[in-house]
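# Structural overview for review
Chain by chain, the residues:
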Amino acid sequence: MEQPSSHLKIRHADGVAQVEFADRKILEELSIQEIGDELDRLVEGTAGIRLLLNFRNVDHLSSAALGMLVTLNKKVKERNGELRLSDINRQIFEVFKITKLNRLFEIHDTAEQALAGFSRR
Amino acid sequence: MIVHPPPQLRLGSLDMAELVVPNDLRSAKAPESLILGELERNGYDGDSIFGLKLALEEAMTNAVKHGNRGDPTKHITVRYRITPDRAVIMVADEGPGFAPECVPDPTSDENIERPNGRGIMLMQCYMSRVCYNACGNEVWLVKDRADPSNPCCEGRLTAG
């Protein structure tokens, strides 16, 4: 099942909400608030959500995007959910490493690996 | 225009292009497009451009949101000089400034889950040198072409 969304492509399958970003530059400051709001609605609408954010379409992000992800992660945890990130390119993963957020988030090389971890729960 | 960067950057006098844009994030994209085009024309590699784009975006966002506090009547001044050897960019807002050394470490355990506070650190990591003027409403970003692309956070902030 795929739901239309202005900034996100959301697919629900096997109990996991798989989210891709619709635009390569979507994680820039101008769009962050809207993306954060969309993800908030998704998390609030599903108790104990298992959420996978796939970054394969993303080639840039800023500290505002990191802030949005940190806030989202807290919200998911508060609701007994689980957030995973996947398919982060080398340059963007470097940003996660610099900010040490690679320790806060559960990051997998591929969506398949992330999904496999979910299914073991 | 001829500009005198902060002396601690040891750049001497520079002939820099200047743009003044209204204080909103959409207008802030105009200088970014021009500067990225200059970087490509001067042969900067993908990693350098990624870092410069990130640093510039953080500087512009800080100027619009924190320096000018979102005030639509204020402006952002951007000056830049891109040569094959070095990129020098200045971003100034009309706010009262701040003390960059007082911004807490965003990677410490107590701050890691804060949504804000990572922009200055990222600028320092991706640039060869970052320098503020005395009151802190003007930031200078310097990227030496010869500098390794891999970012490093040690000792990049030069006191203003």
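Calculation rules
- Numbers given for residues are sequential positions, taken from 1 along each chain in its written order.
- Lettering for chains starts from A, numbering for ligands starts from 1, and both go in the order in which the items are written.
- In keeping with the predicted nature of the model, local features appear solely for residues at pLDDT of at least 70, side-chain atom pairs appear and are counted solely at 80 or more, and the whole-chain, interface and lining totals rest on all residues.
- Side-chain numbers come from the whole structure's heavy atoms, not from hydrogens or water.
- Each helix is a run of H or I in the DSSP string that is no shorter than four residues. Each strand is a run of E no shorter than two, and both are numbered from the N terminus.
- How far a helix is expected to stretch is found by multiplying one less than its residue total by 1.5 Å.
- Only protein chains enter the area calculation, which uses a 1.4 Å probe; residues under 20% of their type maximum are buried, those over 50% are exposed, and those in between are partly exposed.
- A residue's pLDDT is the predictor's confidence in that residue, given on a scale from 0 to 100.
- Working definition: a ring pair exists when centres of Phe, Tyr or Trp rings (six-membered ring for Trp) sit within 6.5 Å. Plane angles under 30 degrees give stacked, over 60 give edge-to-face, the rest tilted.
- Definition used: whenever NZ (Lys) or CZ (Arg) falls within 6 Å of the ring centre and also within 35 degrees of the ring normal, the charge is taken to sit over that ring.
- Both site types are read off a 1 Å grid over the protein atoms alone. A 1.4 Å probe that fits but cannot get out defines a cavity, while an open set with protein on both sides within 12 Å along at least five of seven lines defines a pocket; lining residues have an atom within 4 Å of a point.
- Grid points are joined across faces, edges and corners, and a volume is the space filled by probe spheres set on the points.
- Polar here means any residue other than Ala, Val, Leu, Ile, Met, Phe, Trp, Tyr, Cys and Pro, which are nonpolar, and Asp, Glu, Lys and Arg, which are charged; Gly is therefore polar.
- At least two DSSP bridges between two strands are needed for those strands to be called paired.
- Contact definition: two residues touch when any of their heavy atoms are within 4.5 Å.
- Using a 1.4 Å probe, buried area is obtained as the accessible area two parts lose upon being combined, added over both of them.
- What counts as a salt bridge is simple: a side-chain nitrogen of Lys or Arg found within 4 Å of a carboxyl oxygen of Asp or Glu.
- Here the nonpolar core consists of buried residues drawn from Ala, Val, Leu, Ile, Met, Phe, Trp, Tyr and Cys, with membership extended through side-chain atoms lying within 4.5 Å.

Here the focus is helix α1 (residues 29–41) of chain B. Residue and element names in this part refer to chain B. Taking 1.5 Å of rise per residue, 13 residues should cover 18 Å, and α1 covers 19 Å from first to last C-alpha, within 8% of that figure. Within the span of α1, buried status applies to Lys-29, Pro-31, Glu-32, Ile-35, Leu-36, Gly-37 and Leu-39. Count one or two residues on from α1 and you reach Gly-43, which has phi positive near 80°.

Let's shift gears to the confidence of the model for chain B. Per-residue pLDDT for chain B averages 91, and the proportion of residues at 70 or more is 92%. Scoring of the predicted complex yields 0.90 for pTM and 0.89 for ipTM.

The subject of this paragraph is the packing of aromatic side chains. Using the criterion set out here, one finds five aromatic pairs over all chains in the structure. Directly above the ring of Tyr-44 of chain B sits Arg-145 of chain B, whose terminal nitrogen or CZ lies 4.6 Å from the centroid.

Another point: the layout of surface pockets. All names here are of chain B. In this structure, the largest pocket occupies an estimated 930 Å³ of space. Lining the largest pocket are 45 residues; nearest its centre among them are Asn-62, Lys-65, His-66, Asn-116 and Gly-117. Among the elements that take part in the lining of the largest pocket, helix α2 (residues 46–67) stands out by supplying eight residues, more than any other. Classifying every residue of the lining of the largest pocket by side-chain character gives 19 nonpolar, 16 polar and ten charged.

This next bit is on the pairing of strand β7 (residues 138–144) of chain B. Residue and element names in this part refer to chain B. Within β7, six of the seven residues are buried, leaving the element largely enclosed by the surrounding structure. One ladder, built from seven bridges, connects strand β5 (residues 86–92) with β7; its direction is antiparallel. When the bridges of β7 are listed, Ala-87 appears paired with Lys-143. In this sheet, β7 lies alongside strand β6 (residues 129–132) in antiparallel orientation, the contact comprising four bridges. If you follow Cys-131 over to β7, its bridge partner there is Trp-140. Hairpin remark: β6 followed by β7, antiparallel, with five residues in the connecting loop; positive phi at Gly-136, about 90°.

Across the boundary between the two partners, chain B contributes 25 residues, which contact 24 residues of chain A. Summing both partners gives a buried area of about 2200 Å² for chain B against chain A, and 61% of it is carried by carbon and sulfur. Of all residues in chain B, the largest losses of buried area upon contact with chain A belong to Phe-50, Glu-113 and Arg-118 of chain B, amounting jointly to 27% of the total for that side. The interface formed by chain B and chain A holds one salt bridge in total. Here Arg-90 of chain A makes a salt bridge to Asp-47 of chain B, at a shortest N to O gap of 2.9 Å. Those elements that place two or more of their residues in the side of chain B that touches chain A are α2 and α3 (119–126) of chain B. No other element matches the nine residues that α2 of chain B contributes to the side of chain B that touches chain A. Of the residues that constitute the side of chain B that touches chain A, the class distribution is eleven nonpolar, four polar and ten charged.

Next up on the list: the environment of Ala-92 of chain B. Residue and element names in this part refer to chain B. Mapped onto the fold, Ala-92 is located in strand β5. For Ala-92, a relative accessible area of 12% corresponds to the buried category. Once the C-alpha coordinates of Ala-92 and Ala-63 are considered, the two residues, 29 residues apart in sequence, prove to be 6.9 Å apart. Beyond its immediate sequence surroundings of up to four residues, Ala-92 is in contact with His-75, Ile-76, Thr-77, Asn-137 and Glu-138.

With respect to the helices and strands, the residue Val-70 of chain A is situated in helix α2 (residues 63–78). On the accessibility criterion, Val-70 of chain A (0% relative accessible area) is buried. For Val-70 of chain A and Leu-104 of chain A, which are 34 residues apart along the polypeptide, the C-alpha to C-alpha distance reads 8.4 Å. Among residues more than four places away in sequence, those in contact with Val-70 of chain A are Leu-101, Leu-104 and Phe-105 of chain A together with Ile-112, Glu-113, Arg-114, Pro-115 and Arg-118 of chain B.

Of all hydrophobic cores here, the largest spans 70 residues; its most connected members are Leu-51, Leu-53 and Phe-96 of chain A. In terms of residue count, the dominant contributor to this core is α2 of chain B (ten residues). When near neighbours in sequence (up to four residues on either side) are disregarded, Leu-51 of chain A contacts Ala-17, Val-19, Leu-42, Val-43, Leu-72, Val-76, Glu-82, Leu-83, Arg-84 and Phe-118 of chain A. Grouped together as the second largest cluster of nonpolar side chains are eleven residues, Val-3, Leu-14, Val-88 and Trp-140 of chain B included.

Overall, the coordinates contain 13 salt bridges over all chains when judged by the stated rule. The residue Arg-56 of chain A makes a salt bridge to Glu-20 of chain A at a minimum N-O spacing of 3.2 Å. Here Arg-56 of chain A, found in the loop between β4 (50–54) and α2, pairs with Glu-20 of chain A, found in strand β3 (residues 16–21); they are 36 residues apart in sequence, far enough to count as distant. A relative accessible area of 53% places Arg-56 of chain A in the exposed class. Residue classification places Glu-20 of chain A among the buried residues on the basis of a relative accessible area of 17%. Linking Glu-38 of chain B and Arg-41 of chain B is a salt bridge whose minimum nitrogen-to-oxygen distance equals 2.9 Å. Taken together, the residues span about one helical turn, with Glu-38 of chain B and Arg-41 of chain B both in helix α1 at a distance of three residues.

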